[in-house]
Amino acid sequence: MTDQDRDDAYRKTIPTRSKRRLTRTILYGLGLLSIVSLLVFLYSNLFSVLSPSPVPEFRVVPSLSRPAPTPFRRDPGEYVLDMMWDVAAAPTTRYYNWTVSEVDGNPDGVSRTLIVINGQFPGPLLECNEGDTLVIDVHNAGTNSTSLHWHGQYQNGTNFMDGITGVTNCPIPPGTSFRYKFTVRGQHGTYWYHAHFSTQRVDGLFGPFIIHSPMEVTSVEYQSDRIVMLHDHYHDLSSALLPTYLASDNENAEPVPNGALINGLNVIDCAKVDPRYKCDSSSARLARFDLEKDKSHRLRFINVGAFAEFDVEVDNHEFILIEVDGVSVLPYPLHRFRINVAQRYSIILAANHHPESSFWLRARMIAHCFASIPENLEAEVRGIIHYVSPSSTDKDQLPLPTTTSWNEAMELECKDLNTTELIPAVAMAAPKADMMVRLRSNFEIGGYALSRGYFNSTSWRPDSGAPTLLQAIAGLSSGNASFRTSDSGGMMDKAFDVKRQMVVKVDGLKTVDVLIDNFDDGNHPFHLHGYQFWVLGQGRGYFNMSTYESLNTTNPLRRDTVTIEQYGWVLIRFVADNSGMWAFHCHIAWHLAAGMLMQFLVGGDVVGGWEIPEEVQGLCDNPERQRGGGIPDEYFYHD
């Protein structure tokens, strides 16, 4: 059913203009008691239309309107972690209650609509210990459907909680709620969460997710710990930008951001802003990090953006890299690093560079990765590193830093930080591979002259009927032969339409190599759900298969998001020991919307025995209630 069909169906539940006139005439003739009774009747019947069938954890939110005006900026102090946190505490259950809604805000000075959690932007800190169970009630008070993904989480045994629309779940319709519940096992470090429905995360629906554990290994001590979220920022809603990007004659012309933010903060020069936008930067401010001088501090960088890769540095400071995507690494010194979409790096910075007390933290978008560079683009966003003493009361205004950046040219290639010298602190050898999946990533122009992202011959579209996980459970449990078999490469081309759903079946406990060749002139940060993988190699051109047997498998870097550069290759390896349906996709929001996603069905014998939870099925049982989402190719066809 298209969005137009859903809108038409919804309108049929609302009285027509003539019916409203008749109702009004009758009301005028009634007494006060009758009026009140009728209003109560209409109210209850209206909500009987809006309410879903009664299913556990699926409740009606009282109001669909925007919350009353409040300060929309989240207090940056929420992103400073408590150094007294008990990492050795017994496992517990932690409860969160979130309402997703829309508010008007101006993060950098330009007013726009933001999708927020509990009225504020960016999202709140999600924090727990390894072994804890998280219960997150999400109430959708927004205009459109939504879904949340917990980036980097294994979700072992809780595949339904992965939150990826069209793969593991249907989205949460407006006016309803859903409970995410999962236990964190076998991982720690820096993660994040974000919307996984259309391009909603571009509009602000994201936040940090930190997992503590006594198992986290680092030989470098630090006295404070904080989060630094970097992201490109658009002055238009993503739903307004997406149709133009997906339309014909826009091959590889991704929407270019208007600027960037640090923890949701920046100050834009209104004189340089397009006059069609409302701009008032009087209340905008730069991100500020007060660091106790002569102490060491951990900064957890997360690229929560849609498109841009960043080069990051702090004036006059070298630092030590200790974590990559939730994996502790042996301390590695550097003074600049680059971070692509969805990646995370933790650094240790010593506040001991005197006599200055304030320094610029610089995060510069690598604009050469964009299809075009607008003349007024402010590619660099800055934050302030400010040294303070324990007794300092300097918490308000201070002069801006006068420091200068490292005097060296920025690399213009769009690729990963060179991680070949990064060594995981906990050694883990990569076992010999049992199978190899070869993928070609590229954009092709197909029907209606539309450019779409592909893995091999597949450009992904979420199935309007049911997520692939639910289809697989139904097919496997019923003994459907199409779901039991696959070709020699594991492709489930009989169970799914390969033009829209590329699903590779991995039976038994196998080690899988994935070799991707990029035939595109842009880079792609690829993310695998449900796993961390070994990065066995990456580079420009084609992988030299003659070196395959001599690859370093002793203790290569593990992570969950890796960049393939333009016309390049990357080889990753993972042990398929986590049953479920797991997506592998480009994390650039525009490329995912264009179809650059495929899936692994792991442990079919286990998955076939799963029962679909009522609350998960409940999200799919009322498709007419869904709003928003992707744009079908047919939308762009005109006679």
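These remarks concern the structure in this document. Bear in mind that the values here come from a model prediction, so they are computed numbers and not experimental data. All residue numbers refer to position in the chain's written sequence, counted from 1. Only residues with pLDDT of at least 70 are given local features in this predicted model, and only at 80 or more are side-chain atom pairs given and counted; all residues enter the totals for whole chains, interfaces and linings. The side-chain values count all of the structure's non-hydrogen atoms but skip hydrogen atoms and water molecules.

### Let's talk about the overall build of the protein
- Counting secondary structure elements, the protein contains 9 helices and 30 strands.
- Throughout this description, buried means an accessible area under 20% of the type-specific maximum (1.4 Å probe, protein chains only), exposed means over 50%, and partly exposed covers the range between. Taken over 639 residues, the protein has a buried fraction of 56%.
- We call two residues contacting when some pair of their heavy atoms lies within 4.5 Å. The contacts in the protein between residues at least 6 apart in sequence include a share of 81% that link residues at least 24 apart.
- Split by element, the accessible area of the protein, about 26700 Å² in all, is 53% carbon and sulfur. In this description a helix means any DSSP run of H or I spanning at least four residues, a strand means any run of E spanning at least two, and both kinds are numbered starting from the N terminus. For every accessible area listed, the method is Shrake-Rupley and the probe measures 1.4 Å; residues are considered covered only by the protein chains on display.

### Comments concerning the state of the cysteines
- Throughout, disulfides are identified as pairs of cysteine sulfur atoms within 2.5 Å of each other. Evaluated as defined, the whole model comprises 3 disulfides.
- Between the sulfur atoms of Cys270 and its disulfide partner Cys279 the distance amounts to 2.0 Å. Disulfide Cys270-Cys279: torsion about the S-S bond near -70 degrees, hence left-handed.
- On the accessibility criterion, Cys279 (22% relative accessible area) is partly exposed.
- Disulfide partner of Cys369: Cys414, at an S-S distance of 1.9 Å.

### Things to note about empty space enclosed by the protein
- Computed over the protein atoms alone on a 1 Å grid, cavities are sets of points where a 1.4 Å probe fits but cannot get out and pockets are open sets with protein on both sides within 12 Å along at least five of seven lines; a residue lines them when it has an atom within 4 Å of a point. Grid points are joined across faces, edges and corners, and a volume is the space filled by probe spheres set on the points. Scanning the entire structure with this criterion turns up 1 cavity of 30 Å³ or more.
- Taken together, Phe307, Ala308, Glu309, Ile366, Cys369, Phe370 and Asn523 form the lining of the largest cavity.
- Under the grouping applied here, Gly and all other residues not named as nonpolar or charged are polar, the nonpolar ones being Ala, Val, Leu, Ile, Met, Phe, Trp, Tyr, Cys and Pro and the charged ones Asp, Glu, Lys and Arg. Of the residues contributing to the lining of the largest cavity, the split by class is 5 nonpolar, 1 polar and 1 charged.

### Digging into the sheet that holds strand S7 (residues 189-195)
- Spatial strand order, S3-S8-S7-S5: 4 strands in an open sheet with mixed pairing. At either end of the open sheet lies a strand with only one pairing partner, and these are strand S3 (126-129) and strand S5 (148-151). Pairs of neighbouring strands in the sheet enclose a mean axial angle of 20 degrees, with direction left out of account.
- Paired strands, in this sense, are two strands between which DSSP finds at least two bridges. Pairing of S3 with strand S8 (residues 206-212) involves 4 bridges; the strand directions are parallel. When the sheet's bridge partners are listed, Asn129 is paired in S8 with His212. To define axes, lines are fitted to C-alpha atoms, for helices over the stretch in contact only, and angles between the resulting N-to-C directions are given on a 0 to 180 degree scale.

### Overview of the layout of surface pockets
- Quantified by volume, the largest pocket comes out at close to 1100 Å³.
- In terms of lining, the largest pocket is formed by 50 residues, of which the most central are Arg461, Pro462, Asp463, Ser464 and Gly630.

### Details of unusual backbone geometry
- A cis amide bond, omega -10 degrees, links Phe121 with the succeeding residue Pro122.
- Here Pro122 shows up in the loop between strand S2 (112-117) and S3.
- The linkage connecting His354 with the following residue, Pro355, adopts the cis geometry, with an omega of 15 degrees.
- Structurally, Pro355 is set in the loop between strand S17 (344-350) and strand S18 (358-365).
- Residues other than glycine seldom take positive phi values, yet Asp294 does so here, at roughly 65 degrees.
- Among the secondary structure elements, Asp294 is positioned in the loop between strand S11 (287-292) and strand S12 (296-303).
- The phi dihedral of Asn456 falls on the positive side, at around 55 degrees, and the residue is not glycine.

### Some thoughts on the nonpolar core
- Take the buried Ala, Val, Leu, Ile, Met, Phe, Trp, Tyr and Cys residues and link them wherever side-chain atoms come within 4.5 Å; each set so joined is a nonpolar core. Counting residues in hydrophobic clusters, the biggest one holds 86 residues, and the most contacted among them are Phe301, Phe310, Phe337, Phe584, Trp590 and Phe600.
- Once residues lying within four places of it in the same chain are set aside, the contact partners of Phe600 are Val437, Val504, Val506, Val514, Leu528, Phe574, Gly580, Met581, Trp582 and Phe584.
- Counting 49 residues, the second largest nonpolar core, distinct from the first, contains Trp150, Ala472, Leu597 and Leu601.

### A few points about the sheet that holds strand S30 (residues 597-602)
- One open sheet holds the 5 strands; their spatial order is S22-S30-S29-S24-S27, and the pairing between them is mixed. The open sheet terminates on both sides in strands that have one partner only, identified here as strand S22 (503-506) and strand S27 (561-564). This sheet shows a mean twist of 20 degrees between the axes of neighbouring strands, independent of strand direction.
- Two elements, strand S24 (residues 524-528) and S27, share 4 bridges in a ladder whose sense is antiparallel. Following the sheet pairing, His524 is matched in S27 by Ile564.

### Concerning the environment of His587
- Within the element layout of this structure, His587 appears in the loop between strand S29 (580-586) and helix H7 (589-593).
- A residue is classified by how much of its surface remains accessible, and His587, at 2% relative accessible area, is buried.
- For His587, the residues in contact, after removing those within four places along its chain, are His151, Trp192, His194, Arg201, Ala306, Val341, Ala342, Pro525 and His527.

### Quick notes on the pairing of strand S14 (residues 319-324)
- S14 sits mainly inside the fold: 5 of its 6 residues count as buried.
- The hairpin formed by S14 and strand S15 (residues 327-334) contains 2 residues between the paired strands, and Asp325 there has a positive phi angle of roughly 50 degrees.
- Both S14 and S17 contribute to a ladder of 4 bridges, which runs antiparallel. Paired with Ile320 across the two strands is Ile348, which belongs to S17.

### Description of helix H5 (residues 468-477)
- In terms of burial, H5 is a largely internal element, 8 of the 10 residues being buried.
- On its buried face, H5 sits against helix H6 (481-484), S22, S29, S30, helix H8 (604-607) and helix H9 (614-620).
- Phi turns positive, to about 80 degrees, at Gly479, one or two residues after H5.

### Regarding the side chain of Ser579
- Assignment of secondary structure puts Ser579 in the loop between strand S28 (568-576) and S29.
- With relative accessibility at 19%, the residue Ser579 sits in the buried group.
- For Ser579, the contacting residues outside a window of four places in its chain are Val602, Gly603, Val606, Val607 and Trp610.

### As for the pairing of strand S21 (residues 451-455)
- In terms of burial, S21 is largely enclosed, as 5 of its 5 residues are buried.
- Judged by which residues are buried, S21 turns out to be covered on both faces: Ser451, Gly453 and Phe455 on one side and Arg452 and Tyr454 on the other are all buried.
- Here strand S20 (residues 435-445) pairs with S21 via 5 bridges, running antiparallel. Bridge assignment links Phe443 to a residue of S21, and that residue is Gly453.

### Some remarks on the pattern of salt bridges
- A side-chain nitrogen of Lys or Arg and a carboxyl oxygen of Asp or Glu constitute a salt bridge if their distance falls within 4 Å. All chains considered together, the criterion is met by 32 salt bridges.
- Two residues, Asp137 and Arg179, come together in a salt bridge whose shortest N-O distance is 2.9 Å. Taken together, the residues Asp137 in strand S4 (residues 133-140) and Arg179 in strand S6 (residues 177-183) connect sequence positions 42 residues apart.
- Relative accessible area serves as the criterion here: at 9%, Asp137 is assigned to the buried category.
- With a shortest N-O distance of 2.8 Å, Asp290 and Arg288 are connected by a salt bridge.
- A single network of salt bridges, built from pairs that share partners, joins Asp315, Arg362, Glu380 and Arg382.

### Things to note about helix H4 (residues 238-246)
- Those residues of H4 that fall on the buried side of the exposure criterion are Ser238, Leu241, Leu242, Pro243, Tyr245 and Leu246.
- In the core, the buried residues of H4 are packed alongside S20, S21 and H7.

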